Amino acid sequence: PLGIGHAFREPITPTVRDSILVRFELLPGYLYHGGGLELRKNTALLLRAYAKVMHSSESALLPPLVISGTLHTEDNPLATPVRTLIAELGLESRVRLLGWVPDADLPALYQGALAFIYPSRYEGFGLPVLEAFASGTPVISTASGSLAELVSDAALVISPDDCDGLARALISISTDAGLRDRLRQQGRVRSAGYDWSRFTAAVVSSLL
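These numbers were taken from a predicted model, which means no experiment stands behind them. (Residues numbered from 1 in each chain as written. Predicted model: local features only at pLDDT ≥ 70, side-chain atom pairs only at ≥ 80, totals over all residues. Heavy atoms only, no water.)

Engineer: I tried to follow the layout of surface pockets on my own but got confused; where do I start?
Structural biologist: If a probe as big as a water molecule is rolled over the atoms, it shows which places are left empty. Here the largest pocket is characterised by a volume of approximately 240 Å³. Residue lining of the largest pocket: 19 residues in total, with Q111, A113, S135, G136 and R184 positioned closest to the centre. Contributions of two or more residues to the lining of the largest pocket are made by α4 (106–111), β4 (113–118) and α8 (177–191). Among the residues making up the lining of the largest pocket, the classes are represented as eight nonpolar, six polar and five charged. If you go around the second largest pocket, you meet 14 residues; those closest to its centre are G34, G35, G36, D103 and L106. Breaking the lining of the second largest pocket down by element, the ones donating at least two residues are α4 and α5 (127–134). (1 Å grid on protein atoms, 1.4 Å probe; cavity = no way out; pocket = protein on both sides within 12 Å on 5 of 7 lines; lining within 4 Å. Points joined across faces, edges and corners; volume = space filled by probe spheres on them. Helix = DSSP H or I, 4+ residues; strand = E, 2+ residues; numbered from the N terminus. Nonpolar A, V, L, I, M, F, W, Y, C, P; charged D, E, K, R; others polar.)

The structure is reproduced here in structure tokens:
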């Protein structure tokens, strides 16, 4: 098991957090999707599920969606074409694209989010989910690949092919404060088992 930097475990004061968010023209309380935009990250499913809710009678229940990651270009053809999808789904006024974000700003983005959404189809480990756990951010994820071991009961789990299920999960996590509190607590407990000192000790032990 890998670990994460201490910056994700340390609470940021609202003043410092908001000073970083204002550079992205963000207010706290958004839904956040980060960790890369490769096709396997399943950003398209998230956009379709978000659109399903936004074009329904429950649209007022969802906060804005914020997405970070290197965007689709000729030099980055394996990224999801999020700009095209957002236009096709009529989400231009509700989805913010940040592009690539420096690592130093990620703790503030996690801690400013109402929830972190990560419907990935495949992960070798799932570091963004662990970063969100440590940041105290409720998570919606899948149990695909290595994520099954990582998320355990600390995330709201959906199928990577279930658009309706993800739409329901978005509503639940946006409206149920008790659910968010439970996931926040369980995520922090889950993240406590993953740190670099433990990783280093396991590697050294395996070599002896």
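Engineer: Would you mind going over helix α2 (residues 43–54) with me for this structure?
Structural biologist: Because each turn of an α-helix spans 3.6 residues, side chains separated by three or four positions in sequence point in the same direction. Compared with an ideal rise of 1.5 Å per residue, which puts twelve residues at 16 Å, α2 spans 16 Å between its outermost C-alpha atoms and is within 8% of the ideal. Of all twelve residues making up α2, ten are buried, and the element is well covered by its neighbours. Looking only at α2, the buried set comprises T43, A44, L45, L46, L47, A49, Y50, A51, V53 and M54. Residues of α2 that are buried make contact with β1 (30–33), β2 (65–68), α3 (82–88), β3 (95–99), β4 and α7 (163–175). (Expected span 1.5 Å × (residues − 1). Buried < 20%, exposed > 50% of the residue type's maximum accessible area, 1.4 Å probe, protein only. Contact = heavy atoms within 4.5 Å.)

Engineer: Whenever I open this one, unusual backbone geometry confuses me. Can you help?
Structural biologist: Trans is the prevailing form of peptide bonds, just as negative phi is the prevailing case for residues other than glycine. We note that E25 has phi near 60°; this positive angle belongs to a residue other than glycine. On the secondary structure map, E25 appears in the loop between α1 (14–21) and β1. In this model, N42 sits at a positive phi of 70°, which is unusual for a non-glycine residue. Inspection of the secondary structure puts N42 in the loop between β1 and α2.

Engineer: What is the right way to look at the sheet that holds β3 in this model?
Structural biologist: Through backbone hydrogen bonds, the strands of a sheet pair up, either in parallel or in antiparallel fashion. Overall, parallel pairing links the six strands, which are arranged β3-β2-β1-β4-β5-β6 in an open sheet. Taken across any chain shown, the strands that pair with only one partner, and hence form the sheet edges, are β3 and β6 (156–157). Examined bridge by bridge, β2 and β3 share four bridges and lie parallel to one another. Note on β3: the bridge partner recorded for L65 is V95. Relative to the sheet, α2 contacts β1, β2, β3 and β4, its axis offset from that of β2 by approximately 165°. (Pairing = 2+ DSSP bridges. Axes fitted to C-alpha atoms, helices over the stretch in contact; angles between N-to-C directions.)

Engineer: What's the story with the packing of α7 against α8 in this structure? I'm lost.
Structural biologist: A packed helix pair is summarised by two numbers, namely the angle formed by the two axes and the spacing between the axes. The contact between α7 and α8 brings their axes to 5 Å, and the two run at 90°. The pairing of α7 with α8 is recorded here as roughly perpendicular in orientation. Each of S172, I173, S174 and T175 in α7 lies in contact with α8, whose residues at this interface are A177, L179, R180 and L183. A per-class count over the contact of α7 with α8 returns four nonpolar, three polar and one charged. (Parallel < 35°, antiparallel > 145°, perpendicular 65-115°, else oblique.)

Engineer: Could you clarify how one ought to interpret the packing of α5 against α8 in this entry?
Structural biologist: Between α5 and α8, whose axes approach to 7 Å, the crossing angle comes to 115°. The hand of the α5/α8 crossing is left-handed. Contact with α5, carried on its side by L130, F133 and A134, involves G187, R188, R190 and S191 of α8 and no other residues of that element. Looking at side-chain class alone, the contact of α5 with α8 contains three nonpolar, two polar and two charged residues. (Left-handed = near helix turned anticlockwise from the far one by under 90°.)

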